[in-house]
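Residue strings, one per chain:
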Amino acid sequence: MEELSNNEFYNVIILTPGSNAKKDLEHLFSEKLIPQTIFIDSANTFLQRNPHIPSETMYHTFLLDENDKAILVGNPITNKKIKELLMAIYEKKFGKIPEGEF
């Protein structure tokens, strides 16, 4: 989706791993070309500064608009309805995604 939108739509991934997993994640991401911006938050700063985010993981994936307002909450990889909503939002802003691209 990043490439299709000329990088106007992009992913930011914030991971809060335990101390043992941090090295594994750093090694994994250093070996792979991943277009998303990935932050490893080993001090749990993101959630400390955003205490309004519920602890349930289903609320840990969200789409922000250009004003940093949450407009969709849920994981499109694990929830078909969220994926359909994400696609509709994307298509409204950037146009139709070619078949098989997402």
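Heads up: the structure comes first, above all this text.
Residues numbered from 1 in each chain as written. Predicted model: local features only at pLDDT ≥ 70, side-chain atom pairs only at ≥ 80, totals over all residues. Heavy atoms only, no water.

Undergrad: How would you explain the layout of surface pockets if you had to name every residue and give the values?
TA: Remark: the empty space left among the atoms is shown by a probe the size of a water molecule rolled over them. By volume, the second largest pocket is sized at about 170 Å³. Phe46, Asn50, His52, Ile53, Pro54, Tyr59, Phe62, Leu64, Ala70 and Val73 are the residues that line the second largest pocket. The set of elements that each furnish at least two residues to the lining of the second largest pocket consists of β3 (62-64) and β4 (70-73). Residues belonging to the lining of the second largest pocket are distributed by class as follows: eight nonpolar, two polar and no charged. (1 Å grid on protein atoms, 1.4 Å probe; cavity = no way out; pocket = protein on both sides within 12 Å on 5 of 7 lines; lining within 4 Å. Points joined across faces, edges and corners; volume = space filled by probe spheres on them. Helix = DSSP H or I, 4+ residues; strand = E, 2+ residues; numbered from the N terminus. Nonpolar A, V, L, I, M, F, W, Y, C, P; charged D, E, K, R; others polar.)

Undergrad: Describe the side chain of Asp41, and please don't skip the residues or the numbers.
TA: Looking at the element boundaries, Asp41 is found in the loop between β2 (37-40) and α2 (45-49). Buried within the structure, Asp41 lacks any salt-bridge partner; its nearest side chain of opposite charge belongs to Arg49, at an N-O separation of 8.5 Å. Polar side-chain contacts of Asp41 include one of 2.9 Å to the backbone nitrogen of Thr45. Beyond its immediate chain neighbours, meaning those up to four positions away, Asp41 contacts Ile14, Leu15, Thr16, Phe46 and Leu47. (Buried < 20%, exposed > 50% of the residue type's maximum accessible area, 1.4 Å probe, protein only. Lys, Arg positive; Asp, Glu negative; His and termini not counted. Salt bridge = Lys/Arg side-chain N within 4 Å of Asp/Glu carboxyl O. Polar contact = N/O pair within 3.5 Å; in protein donor to acceptor, adjacent residues only side chain to side chain. Contact = heavy atoms within 4.5 Å.)

Undergrad: Hey, could you go over helix α3 (residues 80-94) for me, with residue numbers and the actual values?
TA: Here α3 is 15 residues long and its end C-alpha atoms lie 21 Å apart, about the 21 Å a rise of 1.5 Å per residue gives. Regarding α3, the residues found buried are Ile82, Leu86, Met87 and Tyr90. Each buried residue of α3 sits inside an arc of 135° when the element is viewed along its axis, so together they form one side. Of the exposed residues in α3, the ones pointing more than 90 degrees away from its buried face are Lys80, Lys81 and Lys92. Where α3 is buried, its residues meet β3 and β4. Measuring from the side-chain oxygen of the N-cap residue of α3 to the backbone nitrogen of Lys81 gives 2.9 Å; that N-cap residue is Asn79. A positive backbone phi angle near 100° is found at Gly95, which sits one or two residues after α3. (Expected span 1.5 Å × (residues − 1). Arc of directions from axis to C-beta.)

Undergrad: Can you tell me about unusual backbone geometry, naming the residues and giving the values?
TA: Residue Asn44 is not a glycine yet carries a positive backbone phi of 60°. Here Asn44 shows up in the loop between β2 and α2. Phi at Asp68 takes a positive value of approximately 60°, unusual for a residue other than glycine. Secondary-structure assignment places Asp68 in the loop between β3 and β4.

Undergrad: Please set out the pairing of β4 residue by residue, giving values where relevant.
TA: Relative to β4, β3 runs antiparallel, the two being bridged by three bridges. Within β4, the position partnered with Leu63 by the bridge is Leu72. Adjacent in sequence and paired antiparallel, β3 and β4 are bridged by five residues, among which Asp68 carries a positive phi angle near 60°. (Pairing = 2+ DSSP bridges.)

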